Amino acid sequence: MWKDLGLHFLGMKEMANSPKVLKTEMPFLTTLFTPAGAIGAYSKLAQLTKGSKGLIQAHHIVEARHLKVLGLSTTEAPAVILSNTKHVEITNTLRSLLPYGGTYTKAEIMAAYRQAYSAYPEWIKAAATYLGL
Amino acid sequence: MDKSGSDLFRFIKMKYYVLTSKSASKGESGESVGSQYDLRGACKNCGTGAGLLGALHSKGLRDVKSDLFYTLDGDLLISKNLYSNFLNEGVVLNQIVEVFENGEVQLPFYHIDPKISFPKRSQQSQGLKVESQCPICKQNGYFNDVVMGDLEKGIPTHVKPLEFHYEGIDENLLKQSDIFHTWEHMGLSNLKAEGNKVIRYARPLLIVSEKFKRVIESFKIKKIFFSEIILHLHAVELG
């Protein structure tokens, strides 16, 4: 079932092997991962991950550090829910392309995200739309 | 008169650096969490140059243990322990500001807000580029100059080093503090919230003295970097 919902895409394989946790602490998952609901405003998705004890986390598709510098809302920004493991993996990839401490233009941010998110074209589209590109 | 004994000669010999941190930023501060700003000296078009009024408000910093770090909003915070060391070593910070979490709980940090700015860098400076700059003040819209990496080839992005040159710095400026703002402000400013834009005033970089740098180095804070600036002083009559 999890695979059918595309959860493997979001690094949820390992969580699908823990049905007890999913059943008791994340009952919303079955409604969350519909094709239309995979990307949502960060504020909404962050609410949904409360109580998961960090097993799943809302991930800003455009990281908050860039949104701040560009003067864009972090709460309304597009986000997805990832497993903790996947979140760490993606964050590390993004850090190698846009190292901490730097301030990057919209074009540079998109150039990095096109590489890092090559497997997730809908994320790239959401990032470009939000950045106004 | 012995030139080496003059105040000016002493300041010429002192080195100054742009301070940068390559650690992940922590928590939020400033406009987005209720800090108040004075816009009287700011650009009327974009708000760049707005000055913090009163305490700095923050969110998400309660569990932070670092001695020196930047918030996601670009404000520099130091621990009270580091602040004590600055005082003991005679480092002049000009202005420090208390930090309140969620507008209520005072945190064991100070925000350094020197209020004193270096003039505009000279044109030969390197390491920054400009995009979407305010056409009125031209003080915001600065970004790091980078060579984008290639994930497939395993090449990380290269952030070009900062090399700031200044012409004719006034010695009275250097006497006032061991930390200064740059004239240039990083990123974009929004005077008003519209669409997905929020109110935000671009932050300057920080220039620090050799004395400031020595204290930081004694704390062995990781991922803090100092890019030496080059002062081109005009010929001055000494004595």
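Just so you know, these numbers come straight off a predicted model, no measurement behind them.

Engineer: Could you give an account of the overall build of chain B, with specific residues and numbers?
Structural biologist: Each helix and strand counted, chain B has 4 helices and 18 strands in total. For chain B, the C-alpha radius of gyration of 19 Å lies close to 18 Å, the compact-globule estimate for 239 residues. The principal-axis extent of the C-alpha atoms belonging to chain B is close to 60 × 45 × 40 Å.

Engineer: Please give an account of the overall build of chain A that cites residues and values.
Structural biologist: In terms of helices and strands, chain A carries 8 helices and 3 strands. Walking chain A from its N terminus toward its C terminus, one meets helices and strands in the order α-α-α-β-α-β-α-β-α-α-α. Counted over contacts in chain A with a minimum sequence separation of 6, partners at least 24 positions apart contribute 58%.

Engineer: Tell me what's going on with the confidence of the model for chain B, and back it up with residues and numbers.
Structural biologist: Close reading of the predicted structure is inappropriate where its pLDDT is low. Taken residue by residue, chain B gives an average pLDDT of 92. The fraction at 70 or more is 92%. Prediction confidence for the complex, expressed as pTM and ipTM, is 0.86 and 0.90 respectively.

Engineer: Please set out the sheet that holds strand E5 (residues 56-59) of chain B residue by residue, giving values where relevant.
Structural biologist: Residue and element names in this part refer to chain B. Sheet architecture is open: 6 strands sit in the order E2-E5-E8-E9-E7-E6, paired in mixed fashion. What marks the edges here is a single partner per strand, and that holds for strand E2 (28-29) and strand E6 (68-70). Helix H2 (residues 80-88) contacts E6, strand E7 (76-79), strand E8 (96-101) and strand E9 (105-112) of the sheet and is inclined by roughly 85 degrees relative to E7.

Engineer: Could you give an account of the interface of chain A and chain B, naming the residues involved and the relevant values?
Structural biologist: Taken residue by residue, the interface counts 26 residues in chain A and 27 residues in chain B. Among the elements that take part in the side of chain A that touches chain B, helix H7 (residues 106-116) of chain A stands out by supplying 5 residues, more than any other. A per-class count over the side of chain A that touches chain B returns 13 nonpolar, 9 polar and 4 charged.

Engineer: Give me the lowdown on unusual backbone geometry, citing residues and values where you can.
Structural biologist: One non-glycine residue, Lys 53 of chain A, lies in positive phi territory at about 55 degrees. One can find Lys 53 of chain A in the loop between helix H4 (42-49) and strand E2 (56-60). Even without being glycine, Lys 223 of chain B reaches a positive phi, approximately 60 degrees. Its place among the elements puts Lys 223 of chain B in the loop between helix H4 (210-218) and strand E17 (224-228).

Engineer: Go over the packing of helix H6 (residues 84-97) of chain A against H7 of chain A, please, and point to the residues and values.
Structural biologist: All names here are of chain A. Packing of H6 against H7 leaves a shortest axis separation of 10 Å and a crossing angle of 135 degrees. Accordingly, the angle class assigned to the pair H6 and H7 is oblique. Crossing of H6 over H7 shows right-handed handedness. Each of Ile 90, Thr 93, Leu 94 and Leu 97 in H6 lies in contact with H7, whose residues at this interface are Ala 112, Gln 115 and Ala 116.

Engineer: Explain the packing of H7 of chain A against helix H8 (residues 121-131) of chain A residue by residue, including any values.
Structural biologist: All names here are of chain A. One can describe the packing of H7 onto H8 by two numbers: an axis separation of 10 Å at closest approach and a directional angle of 175 degrees. The orientation of H7 relative to H8 falls into the category roughly antiparallel. The residues of H8 that touch H7, namely those facing Lys 106, Ile 109, Met 110, Tyr 113 and Arg 114, are Ile 124, Ala 127, Ala 128 and Leu 131. Here the contact of H7 with H8 is composed, by residue class, of 7 nonpolar, no polar and 2 charged.

Engineer: Lay out H4 of chain A with the relevant residues and their values.
Structural biologist: Residues and elements named next belong to chain A. Every buried residue of H4 is accounted for by Tyr 42, Leu 45 and Thr 49. Down the axis of H4, the sector holding all buried residues measures 70 degrees, keeping them to one side. Looking at the buried side of H4, the elements it contacts are strand E1 (40-41), E2 and strand E3 (78-83). Just beyond H4, the residue with positive phi is Gly 51, at close to 90 degrees.

Definitions and limits used
- Each residue is numbered by its place in its chain's sequence as written, counting from 1.
- For naming, the first written chain is A and the first written ligand is 1, with later ones following in the order written.
- In view of the model being predicted, local features appear only for residues whose pLDDT reaches at least 70, and side-chain atom pairs are presented and counted only at 80 or more, with totals across whole chains, interfaces and linings using the full set of residues.
- Under the scheme used here, helices are H or I runs from DSSP no shorter than 4 residues and strands are E runs no shorter than 2 residues, and both carry numbers assigned from the N terminus.
- Here the globule rule reads 2.2 Å times residues to the power 0.38, and the radius of gyration is calculated from C-alpha atoms.
- What counts as a contact here is a pair of residues whose C-beta atoms, placed from the backbone, lie within 7 Å.
- Residue-level confidence of the predictor is summarised by pLDDT, bounded by 0 at the bottom and 100 at the top.
- When DSSP finds two or more bridges between two strands, those strands count as paired.
- Orientation is described by axes fitted as lines to C-alpha atoms, over the contacting stretch for helices, and by angles from 0 to 180 degrees between their N-to-C directions.
- Gly is put with the polar residues, along with every residue not named as nonpolar or charged; the nonpolar set is Ala, Val, Leu, Ile, Met, Phe, Trp, Tyr, Cys and Pro, and the charged set is Asp, Glu, Lys and Arg.
- Comment on the angle field: the value is read as roughly parallel under 35 degrees, roughly antiparallel over 145, roughly perpendicular from 65 to 115, and oblique elsewhere.
- Note on convention: near helix rotated counterclockwise from far helix by under a right angle means a left-handed crossing. Clockwise means right-handed.
- Residues with at least 20 other C-beta atoms within 10 Å of their own are called buried, those with 12 or fewer are called exposed, and the rest are partly exposed. The C-beta atoms themselves are positioned from the backbone.
- As used here, the arc belongs to the directions running from the helix axis to the C-beta atoms.

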